[in-house]
Amino acid sequence: MEKSRPLWDNPLQFVFACISYAVGLGNVWRFPYLCQMYGGGGFLIPYFIMLVVEGMPLLYLELAVGQRMRRGSIGAWKMISPYLCGVGVASVVVSFFLSMYYNVINAWAFWYLFHSFQDPLPWASCPLNGNRTGDEAECARTSPTQYFWYRRTLNIAPSLEAAGALQWEQALCLTLAWLLVYLCILRGTESTGKVVYVTASLPYCVLIIYLIRGLTLHGAVNGLIYMFTPKLEQLANPKAWISAATQIFFSLGLGFGSLIAFASYNEPSNNCERHAVVVSLINSATSIFASIVTFSIYGFKATFNYESCMSKVILLLTNAFDLEEGSLTADNLGAVQGHLQAAHPQRYAELQPQLKNCSLEAELDTAVQGTGLAFIVYSEAIKNMEVPQLYSVLYFVMLLMLGIGSMLGNTAAILTPLTDSKFIASHLSKEVVSGLVCFINCIIGLIFTMEAGNYWFDIFNDYAATLSLLLIVLVETIAVCYVYGIRRFEKDLHTMIGHKPSWYWKVMWAFASPLLIISLFIFYITDYILTGTLQYQAWDAAQVNDD
Amino acid sequence: MLSSASQMHRMLSKYGLVSKQLWEIMLISNVLLCNVTDRVSFWFVVTDSAKNVTTVAGSEVEAAIRMNRNRINSAFLLSDKTLQFLKISSTIAPPVEPSTPVWLIVFGVVLCLTVAGIVFLIVTGIQRRKKQNKESSETEDLEEKCEVTVTIENGIPCETLDLKAGHINGVYAADDERFASL
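Each chain carries its own residue numbering, running from 1 in the direction its sequence is written. Following the order in which they are written, the chains are lettered starting with A and the ligands numbered starting with 1. Where totals are concerned, whole chains, interfaces and linings use all residues; where local detail is concerned, this predicted model gives features only for residues with pLDDT of at least 70, and gives and counts side-chain atom pairs only at 80 or more. The side-chain numbers reported here are obtained from all heavy atoms of the structure, hydrogens and water having been left aside.

The line we're drawing: UniProt positions are given in the numbering used here, feature names are shortened, and annotations may be inferred rather than shown by experiment.
Labelled according to an unreviewed UniProt entry, chain A appears under the name Transporter, originating from Nothoprocta perdicaria. Quoted verbatim from the Subcellular location (unreviewed entry) field of UniProt, the annotation for chain A is "Membrane".

Right, here's the structure in full:
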């Protein structure tokens, strides 16, 4: 008897698996940045339009293909047309690239998590220099949190060419991250199905805790007002629409083959239409939810820094001009400064270089994305809260869950076609194949733990998957609509879920989404051509910032 | 001025700040002050009473003060910020560091748990497969003659048909093309 395909225990596991895969770090560290750059509350308009035009139809398409063909990406596309199994292979290759570098983020999350069990937190203050007379030079020039990230965690080299030595601490954390992923995928859907209950729900618990904590922080409101004030003129900027489209596209994880793999373990009668709508809505809602949390944290951090800056200026002026304690406050500072400048111009001029211009807007304007947001900005805000160890542990556990959830999807995309292939399945068991994949990825991933590893990470992050995915999804849509035939696809859906897809889905699949993807593709290519030599940001230990 | 000198002398001798040979024979007159200013500040040198006019090397005095900064401060009920020795910058106490870094301990715990989980799953998987193989080899002995094939209905494997759902018969729906359209 042919061995039956393993199935999810119930449809909820499938939904949780998709949510766990789609809701990843991009929701936390990319969406708030885009919101800030492209018009605050106004950005939600292009975002929702793109969700409805591009996100939901493409997600529905992939889930339906997986559920109908009941094979991983290679097998599924081979069944659509034997000439198309290259699409499946492309998906597997892109997933492989992604899993190579993505798990390093989990390694960093582990590193920060393990360091959260100290009092005070290691990124709360600078370490002392050699003769213990003051702070370490590099740290004194920037901030303790940046120092901890660039020096303690990454031990970053000054350039890409200076590869440097392997950081054994990071290598250990990477190995642990891969062992954890292996533990979760070891038994296939049996183990993955149980794990996704945790990886899908825990981040929401932490986000709720952070929301409550964030909203009650002093100065959080400043951040929220700043974020949500719509700057509708940004809607005229084509970059806003392109960013919305790209964000939806990559956030849902289309084209990797993970969604096809997950859906292939479904019962054939599963209502994938409803699930597609639910998953895409939850994904977008989580992005907005996470950006509310992020902006209250931003607001808190900006207000804290602004008020420290003000107190320093007040102290300086009180000492220099022998003013009475408490006569200078934040409110009358501007007026008193003007008066002092007029009354004692010379002394004021001497003091001028030390007086910093404190501005709340300048603090809020520091829009950050990516690892900078997740590891520097958040840890800076956490160190100023009460009981920072608790919040730190919660936050990094959440990052870990988000990262592991996405890794489960990626490895499923690689393993499902491999275990489907009769050749491999007859020679090697599932555990051995998973183990080999994890092992190979871990060894290759050691590149990212070297001193120049973060630069390699940036390269992979920016270029490994972007164009390839657009091409893959474009070919997928065209293949299903025109090669397989949209009528045949309609009938298959009717068989599976009991009703035909409405005209809306068909129009989106056949015309809107392919056109959108083609325009995104053209935009990216022209952008690459126009940029010329590609550049990267390097950390200069002798100066203050990335240059 | 005299009281400052006597204070210096008392401090230097009481706290054993100078080498043993010197402190027994040190007198107030060995501490000479100069450049006394309005703020409580003074320069001082420490003479070596064994060799009459020469002074104790500045580096020795500096080292002695640096080592015992805390005690000097508390003698005057002052702190590093309120009592300043020029040329001797205050050293900050380093943070307390445990012998094994804490992160390694937590790492070790998580690593052991993960490896234990992996080993447990692999072992139970192998055991289950052995049991299945034993069972299937027993049933194979019984059904040696029968060919076990995938049950096929009208060219479509039964497995892909959803026999549980019941309300849609995939066999007929998939063969729509056989019927002429109206």
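## Some details on the overall build of chain B
To keep it simple, the criterion reads: Here a helix means four or more residues in a row that DSSP labels H or I, a strand means two or more in a row labelled E, and each is numbered from the N terminus. Any residue under 20% of the maximum accessible area for its type is buried, any over 50% is exposed, and the rest in between are partly exposed; the area is computed with a 1.4 Å probe on protein chains only. Note on definitions: a residue-residue contact is assigned when non-hydrogen atoms from the two residues lie within 4.5 Å. Values of accessible area rely on a 1.4 Å probe in the Shrake-Rupley scheme; residue burial ignores everything except the protein chains shown.
Secondary structure assignment for chain B yields six helices and four strands. Taking all 182 residues of chain B together, 23% fall into the buried category. Looking at chain B alone, contacts between residues at least 24 apart form 26% of all its contacts between residues at least 6 apart. If you sum the accessible surface of chain B, you get close to 14200 Å²; carbon and sulfur atoms cover 59% of it.

## A few points about the overall build of chain A
Spelled out, the test is: Taken over C-alpha atoms, the radius of gyration is set against a globule rule of 2.2 Å times the number of residues to the power 0.38.
Per the secondary structure count, chain A includes 24 helices and zero strands. What you see for chain A is a C-alpha radius of gyration of 26 Å, in line with the 24 Å of a compact globule of 547 residues. Counting only C-alpha atoms and orienting by the principal axes, one finds that chain A spans roughly 90 × 50 × 45 Å. With 547 residues in all, chain A has 55% of them scored as buried. Long-range pairs, those at least 24 residues apart, make up 83% of the contacts in chain A between residues at least 6 apart in sequence. Of the roughly 22400 Å² of accessible surface on chain A, 64% is carried by carbon and sulfur atoms.

## Notes on the packing of aromatic side chains
All names here are of chain A. Definition in use: Think of it this way: a Phe, Tyr or Trp ring, Trp meaning its six-membered ring, pairs with another when their centres are within 6.5 Å, and the plane angle makes it stacked under 30 degrees, edge-to-face over 60, tilted otherwise.
According to the stated counting rule, one finds 49 aromatic pairs over all chains in the structure shown. Residues Y60 and W509 carry aromatic rings whose centres are separated by 5.3 Å and whose planes lie at 50 degrees to one another, so their mutual orientation is tilted. Of the two residues, Y60 is situated in helix α4 (residues 44-69) and W509 in helix α24 (residues 503-531); the sequence distance between them amounts to 449 residues. Of the two residues, Y60 and W509, neither departs from the other in class, the shared state being buried.

## What about a negative patch on the surface?
Here is the rule we go by: Patch construction takes residues with relative accessible area above 30% that form no salt bridge. Like charges are linked within 9 Å, and nonpolar side chains (Val, Leu, Ile, Met, Phe, Trp, Tyr) are linked within 5 Å. Only one rule defines a salt bridge in this text: a Lys or Arg side-chain nitrogen within 4 Å of an Asp or Glu carboxyl oxygen. When charges are counted, Lys and Arg contribute as positive and Asp and Glu as negative, whereas His and the chain ends are disregarded. Charged groups are reduced to one reference atom each: NZ for lysine, CZ for arginine, CG for aspartic acid, CD for glutamic acid.
Residues E135, E138, E140 and D141 of chain B make up a contiguous surface patch of negative charge. You can see E135 of chain B is positioned in helix α5 (residues 102-142).

## A closer look at the side chain of S434 of chain A
Keep this limit in mind: Counted as a polar contact is a pair of N or O atoms within 3.5 Å, where, for protein atoms, one must be capable of donating a hydrogen and the other of accepting one, and residues adjacent in sequence contribute only when both atoms are in side chains.
On the secondary structure map, S434 of chain A appears in helix α21 (residues 430-445). A distance of 2.7 Å separates a polar atom in the side chain of S434 of chain A from the backbone oxygen of K430 of chain A.

## Let's talk about helix α6 (residues 85-114) of chain A
Within an α-helix, residues lying three or four positions from one another point in the same direction, as the helix has 3.6 residues per turn. All names here are of chain A. To keep things clear, this is the line we draw: What a helix is expected to span follows from its residue count: subtract one and scale by 1.5 Å. One axis fitted to the seven residues ending at a residue, another fitted to the seven starting there: the angle between these axes is the bend at that residue.
Here α6 spans 44 Å end to end across 30 residues, near enough to the 44 Å set by a 1.5 Å rise per residue. Of all the bends in α6, the greatest, near 30 degrees, is centred on S99. Of all the 30 residues making up α6, 23 are buried; the element is thus mostly covered by neighbouring parts of the structure.

## Describing the pattern of salt bridges
Within this structure, the stated rule accounts for nine salt bridges over all chains. One salt bridge in this structure joins R5 of chain A and D420 of chain A, with 3.0 Å as the shortest N-O distance. A residue pair is termed long-range when its members are at least 10 positions apart, and R5 of chain A in the segment before α1 (11-22) and D420 of chain A in helix α19 (residues 388-420) qualify at 415 residues. For R5 of chain A, a relative accessible area of 13% translates into the label buried. For D420 of chain A, a relative accessible area of 21% gives the class partly exposed. Of the charged contacts in the structure, one is a salt bridge between R68 of chain A and D492 of chain A, with a shortest N-O distance of 3.1 Å. Separated by 424 residues along the polypeptide, R68 of chain A in helix α4 and D492 of chain A in helix α23 (residues 466-497) bring together distant segments of the chain. What makes D492 of chain A buried here is its relative accessible area of 11%. Three or more residues are tied together by salt bridges with common partners; here these are R187 and E190 of chain A together with R128 of chain B.

## Some points on the UniProt feature "binding site: Na(+)" (unreviewed entry) in chain A
Residue and element names in this part refer to chain A. According to UniProt, the positions carrying the feature "binding site: Na(+)" (unreviewed entry) are A22, V23, N27, S251, N283, L402 and S406. Their sequence span is 385 residues, while the largest C-alpha to C-alpha distance among them is just 12.8 Å; these annotated residues converge on one region. Structurally, N283 is set in helix α14 (residues 272-321). Within the fold, S406 resides in helix α19. Assessed through its relative accessible area of 6%, S406 is described here as buried. If sequence neighbours within four positions are ignored, S406 has contacts with S20, Y21, V23, G24 and Y102. Reaching out from S406, the side chain makes a polar contact with the backbone oxygen of Y21 at a distance of 3.4 Å.

## Observations concerning the state of the cysteines
All names here are of chain A. Here is the rule: Cysteine sulfur atoms that come within 2.5 Å of each other are treated as a disulfide pair.
For the structure on display, the rule yields two disulfides over all chains. In this model, C126 is linked to C139 through a disulfide, with the two sulfur atoms separated by 1.9 Å. Given an S-S torsion of about -80 degrees, the disulfide between C126 and C139 has left-handed geometry. On the criterion of sequence distance, the pair formed by C126 in the loop between α6 and α7 (137-141) and C139 in helix α7 is long-range, its members being 13 residues apart. No difference in accessibility class separates C126 from C139, as the two residues are buried. Put simply, C309 and C358 are joined by a disulfide, and their sulfur atoms are 1.9 Å apart. The sign of the -80 degrees torsion about the S-S bond sets the C309-C358 disulfide as left-handed. Residue C309 is located in helix α14, and its partner C358 is located in the loop between α16 (345-351) and α17 (360-365); the two are separated by 49 residues in the primary sequence.

## Quick notes on the side chain of H115 of chain A
Checked against the element boundaries, H115 of chain A lands in the loop between α6 and α7. Beyond its immediate sequence surroundings of up to four residues, H115 of chain A is in contact with L121, P122, W123 and F148 of chain A together with W103 of chain B.

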